[in-house]
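# Commentary on secondary and tertiary structure
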Amino acid sequence: MAQIRPDIHYYPFDIGMVGNESPEMIQSIFHQMMPEFDQDNLAPLPYQSFQLDNIVSAFRYMAQAQHFGKVVVSIQESSFQIHSHATYIITGGTGALGQILTKWLIQKGASCIVCISRHADTYNDLDQNKIVYKSCDVSCEKSMKHLFDEIHQSLPPVKGVIHAAGTLDDCSMIEQTWERFETPMKPKIWGAINLHQCTQKCSLDFFVMFSSSASLLGSAGQSNYAFANAFLDGFAQHRRFKGLCGTSINWGPWESGMAVSVSQINRNMTDKGISPVSADNAIASLEIILDKDFSLSGVIDIDWHIYEKTVEGQFEFIQTLYHGRKKKSSQVPQQTLSDQLMQAQAEKREQMILSYLQKTGSKIAGYEDNQHMDVNKPLIDAGFDSLMAVEFRNILNQALNTSLPATLIFDYPTLQHVADYILDDVLKLQHDNIDLSEKDVMDEIESLLK
Ligand SMILES: NC(=O)c1ccc[n+]([C@@H]2O[C@H](COP(=O)([O-])OP(=O)(O)OC[C@H]3O[C@@H](n4cnc5c(N)ncnc54)[C@H](OP(=O)(O)O)[C@@H]3O)[C@@H](O)[C@H]2O)c1
């Protein structure tokens, strides 16, 4: 540069260091600059924004030096929010999980939480100014209507409901009676229906029901509990069909609460490879579920390897869950590109691999559908950058079920070189080159790319 513009001098300057050593200087620069932005005398740098899930395009765009100004990767704002001037309902708010949920809502900025349970004790370690404890049996329609009339009249609008009221009455099927069967049903099923009715006029952000892994995976001695929870799972769908928010979460055991306090359940779970979820992980999962607006999710800390052995051959659902992917791929054995090349006639091989490389390379470099890379042009000149080189090599590794060198396109700069290398050195296949009809080749390519 000095030769072209000897009048310009360049000096290294580290603004980060200035910020560390004399932050007041940065502050004073900002004070001078901000009014200039306000008056449109200065404008921010131009930028091109990409969503986080499209980060590959952002890097590619930058690597190809297509950008002016900044390349911005934006993280989608969480759609789920807790409002400070709203009321949040937690049924079972005095239970083990209810207390954790209450603390979490307060941390998220809630200032009015109504905790409903039949015996509404006050918990002194929680911020009492923000919590209203109400004694009410959620399964009683009349009491719930009365309570919600009071809430609607005296408190800010209800924006969220967490239905965590629940009871257990475990027994074997032989010992089952209607009375026992009804015990978990009452708070869960009637509670959910009453909440649904009482919040019809509310504009809710969420209506979360605490279901259990019992309705997803089954649980010995808990047929009544599994049934009650299965209702919640279906009820979430029912609310969605009606255009309302609705979420049911099949929780595995938490570190605290009803599951770990019953030693038999605890033992059954441990034997099956299920461990308790920590409150932090459970709350983090809850936030993801709310953020993604899932209607039905399971949050279970499970060792599928142990679990599968304990239920082997019993449930097709579990087999599908555990083997889903593996089965699919073994049911339809997929031929690799190398298999297909090996099975092809020697004279067709070179054209086949070249066309495959051409299609793959063109796609990676972002060519239009009707454009094709020149097989004799160095890939770097054809628009490849280092990221694309890695992507290209990874795709070939997968297609050939091999491990090609990271320096592939530097050692073999054109598609023709790559094709020769694959056929001669990697697969060691004979490939006499004779002219084939375009249709023959295209048929082969289509089958390769399927
Ligand atoms: N803890 C776990 O590991 C776990 C795992 C999976 C699912 N879940 C589900 O998560 C929820 C909370 O569990 P937890 O461990 O916190 O249970 P918990 O400690 O036993 O608390 C249950 C809460 O529900 C209330 N409740 C029960 N029946 C009620 C009724 N008819 N009306 C109003 N309130 C009622 C209880 O208060 P009163 O007795 O005063 O009414 C209590 O506040 C339950 O629905 C449970 O099925 C928990």
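Please refer to the structure placed before this passage.
Reading the values: rules and limits
- Residues numbered from 1 in each chain as written.
- Predicted model: local features only at pLDDT ≥ 70, side-chain atom pairs only at ≥ 80, totals over all residues.
- Heavy atoms only, no water.
- Near = heavy atom within 4 Å.
- Polar contact = N/O pair within 3.5 Å; in protein donor to acceptor, adjacent residues only side chain to side chain.
- Areas by Shrake-Rupley, 256 points an atom, 1.4 Å probe, with all protein chains shown as cover.
- 1 Å grid on protein atoms, 1.4 Å probe; cavity = no way out; pocket = protein on both sides within 12 Å on 5 of 7 lines; lining within 4 Å.
- Points joined across faces, edges and corners; volume = space filled by probe spheres on them.
- Nonpolar A, V, L, I, M, F, W, Y, C, P; charged D, E, K, R; others polar.
- Phe/Tyr/Trp six-rings, centres within 6.5 Å; stacked < 30°, edge-to-face > 60°.
- Helix = DSSP H or I, 4+ residues; strand = E, 2+ residues; numbered from the N terminus.
- Buried < 20%, exposed > 50% of the residue type's maximum accessible area, 1.4 Å probe, protein only.
- Lys NZ or Arg CZ within 6 Å of the ring centre and 35° of its normal.

## Topic: the site of the ligand
Near the ligand lie 29 residues; those nearest to it are Arg 118, Lys 188, Tyr 225, Trp 254 and Met 258. His 119 is positioned such that a nitrogen or oxygen atom in its side chain is 2.8 Å from an oxygen atom of the ligand. Separating an oxygen atom of the ligand from a side-chain N or O atom of Tyr 225 is a distance of 2.5 Å. When isolated, the ligand has an accessible area of 870 Å², and the protein chains bury 90% of it.

## Considerations on the layout of surface pockets
In this approach, a probe sized like a water molecule rolls over the atoms, and the result shows the empty space that is left. The space that makes up the largest pocket amounts to roughly 840 Å³. A breakdown of the residues in the lining of the largest pocket according to their chemical character gives 18 nonpolar, 18 polar and 6 charged.

## Overview of the packing of aromatic side chains
A complete count under the given rule lists 13 aromatic pairs for this structure. Ring centres of Phe 80 and Phe 206 lie 6.0 Å apart, and the angle between their planes is 65°; on these two criteria the pair is classed as edge-to-face. Pair noted here: Phe 80 is in the loop between strand E2 (70-74) and strand E3 (87-91) and Phe 206 is in strand E7 (residues 206-212), with a separation of 126 residues, a long-range link. Residue Phe 80 shares its accessibility class with Phe 206, and that shared class is buried. Pairing Phe 210 with Trp 254 gives two aromatic rings, centres 6.2 Å apart and planes at 40°, and the pair type is tilted. With Phe 210 in strand E7 and Trp 254 in the loop between strand E8 (247-251) and helix H9 (258-261), this pair connects stretches of sequence that are 44 residues apart. This pair shows no difference in class: Phe 210 is buried, exactly as Trp 254 is. Put simply, the rings of Phe 80, Tyr 88, Trp 104 and Phe 206 pair up and form one aromatic cluster. Over the aromatic face of Phe 207 sits the side chain of Arg 239, whose NZ or CZ is 3.8 Å from the ring centroid.

Without other data, these values stay purely geometric and don't point to any function.
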